[in-house]
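# Report on the structure
Spelled out, the chains give:
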Amino acid sequence: MNAPPVPVVRVLRGQEVLAHTDALRSVYVDAFCAPPWNEDEEKAAEFAERLPRDAQRPGFTAALAFVGRDVPGFASGWTTLPPFPTDRCYPQAAVSLGARRTDDWLCGAFEVDELAVRPGAQGSGLAGRLLEAVTEDAPEGRSWLLTSVQAPGAMAFYHRQGWTQATLPSPDGKGIVVFLGPRHPARGVAPLPL
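Residues numbered from 1 in each chain as written. Predicted model: local features only at pLDDT ≥ 70, side-chain atom pairs only at ≥ 80, totals over all residues. Heavy atoms only, no water.

### Quick look at the side chain of Thr135
With respect to the helices and strands, the residue Thr135 is situated in helix H5 (residues 126–135). Looking at Thr135, its side chain comes within polar contact range of the main-chain oxygen of Leu131, at 2.8 Å. Every residue in contact with Thr135, bar those within four places of it in the chain, is listed here: Phe110, Val112, Ser143, Trp163 and Arg183. (Helix = DSSP H or I, 4+ residues; strand = E, 2+ residues; numbered from the N terminus. Polar contact = N/O pair within 3.5 Å; in protein donor to acceptor, adjacent residues only side chain to side chain. Contact = heavy atoms within 4.5 Å.)

Here's what the structure looks like:
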């Protein structure tokens, strides 16, 4: 029996990613429309609509996995510029960290916005390869991301990859947490989770 082909990971910068918008949208649907994320087609459409804007952000980088022409997964992100954003889930991160840590730890760092792998490629190590590739050139090793505490598989994955949980979830167990990348200089001073 032949082993499945090993995906080739390519790093794309800025507008280069737009040639693959349809493939990324398809991966997004496969990865996030199932539990625990339970997103719908509308969220996938929103992702595809914001991709051209995101690709213009300073430091935008995407790591795409290819098996021939198929794309089984991708990761993307950009440099978080000051002032710290106030849309999406950013206010929760800022409140959890406090203003000084938010500015010192997250502003000017590479923010991983999306990491998505099709179900058939999950558990193969591909997500870890994509995460490493997209953060490889993070300024001074400073990378970070947000994830939901309602996705224990994602939380465990980031811990296994050497990421440090820098915030605690809200008392009712809902919301988001901030993770600092394995080379982030502040990871040694982040509070340990309970």
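### Some thoughts on the packing of aromatic side chains
Within this structure, the stated rule accounts for 10 aromatic pairs. Ring geometry for Tyr158 versus Trp163: centroids 6.2 Å apart, planes at 55°, classification tilted. Each of the two residues, Tyr158 as well as Trp163, counts as buried. The cationic tip of Arg57 hangs over the ring face of Trp78; the distance from NZ or CZ to the ring centre is 4.0 Å. (Phe/Tyr/Trp six-rings, centres within 6.5 Å; stacked < 30°, edge-to-face > 60°. Buried < 20%, exposed > 50% of the residue type's maximum accessible area, 1.4 Å probe, protein only. Lys NZ or Arg CZ within 6 Å of the ring centre and 35° of its normal.)

### Quick word on the sheet that holds strand E6 (residues 164–165)
Here we have 7 strands laid out as an open sheet, ordered E1-E2-E3-E4-E5-E7-E6, and mixed in their pairing. Two strands bound the open sheet, and with one partner strand each, they are strand E1 (8–13) and E6. Taken together, the 3 bridges between strand E4 (residues 110–117) and strand E5 (residues 143–148) define a ladder with parallel strand orientation. When the bridges of E5 are listed, Phe110 appears paired with Ser143. The strands touched by helix H3 (residues 90–97) within the sheet are strand E3 (70–79), E4, E5 and strand E7 (176–180), with E7 carrying the most contacts at an inclination of about 70°. (Pairing = 2+ DSSP bridges. Axes fitted to C-alpha atoms, helices over the stretch in contact; angles between N-to-C directions.)

### Structural notes on H3
Here H3 has its buried residues at Tyr90, Ala93 and Leu97. Around the axis of H3, the buried residues are gathered within 60° of arc, so they sit on the same side. The elements touched by buried residues of H3 are E3, helix H4 (99–106), E4, E5 and E7. Backbone geometry just downstream of H3 places Gly98 in the positive-phi region, at approximately 90°. (Arc of directions from axis to C-beta.)

### A closer look at the packing of H3 against H4
Running from N to C, H3 and H4 point in directions that differ by 110°, and their axes come no closer than 6 Å. Regarding the angle of H3 to H4, the classification is roughly perpendicular. H4 is crossed by H3, and the crossing has right-handed handedness. In this structure, H3 uses Ala93, Ala94 and Leu97 to contact H4, whose residues at the interface are Ala99, Arg101, Thr102, Trp105 and Leu106. Here the residues of the contact of H3 with H4 sort into 6 nonpolar, 1 polar and 1 charged. (Parallel < 35°, antiparallel > 145°, perpendicular 65-115°, else oblique. Left-handed = near helix turned anticlockwise from the far one by under 90°. Nonpolar A, V, L, I, M, F, W, Y, C, P; charged D, E, K, R; others polar.)

### Considerations on the pattern of salt bridges
What the rule picks out here adds up to 10 salt bridges. Residue Lys43 pairs with Glu46 through a salt bridge whose shortest N-O separation is 4.0 Å. Placement of the pair is Lys43 and Glu46 together in helix H2 (residues 41–54), with a separation of 3 residues, close to one helical turn. With a relative accessible area of 40%, Lys43 lands in the partly exposed category. (Salt bridge = Lys/Arg side-chain N within 4 Å of Asp/Glu carboxyl O.)

### With respect to the packing of helix H1 (residues 21–32) against H2
The geometry of H1 relative to H2 is characterised by a closest axis approach of 9 Å and an angle of 150° between their N-to-C directions. If you check the angle between H1 and H2, you find them roughly antiparallel. You can see that H1 and H2 cross each other, and the crossing is right-handed. Facing Thr21, Leu24, Arg25, Tyr28 and Val29 of H1, the residues of H2 in contact are Glu41, Lys43, Ala44, Ala45, Phe47, Ala48 and Leu51. Grouping the amino acids of the contact of H1 with H2 by side-chain chemistry returns 8 nonpolar, 1 polar and 3 charged.

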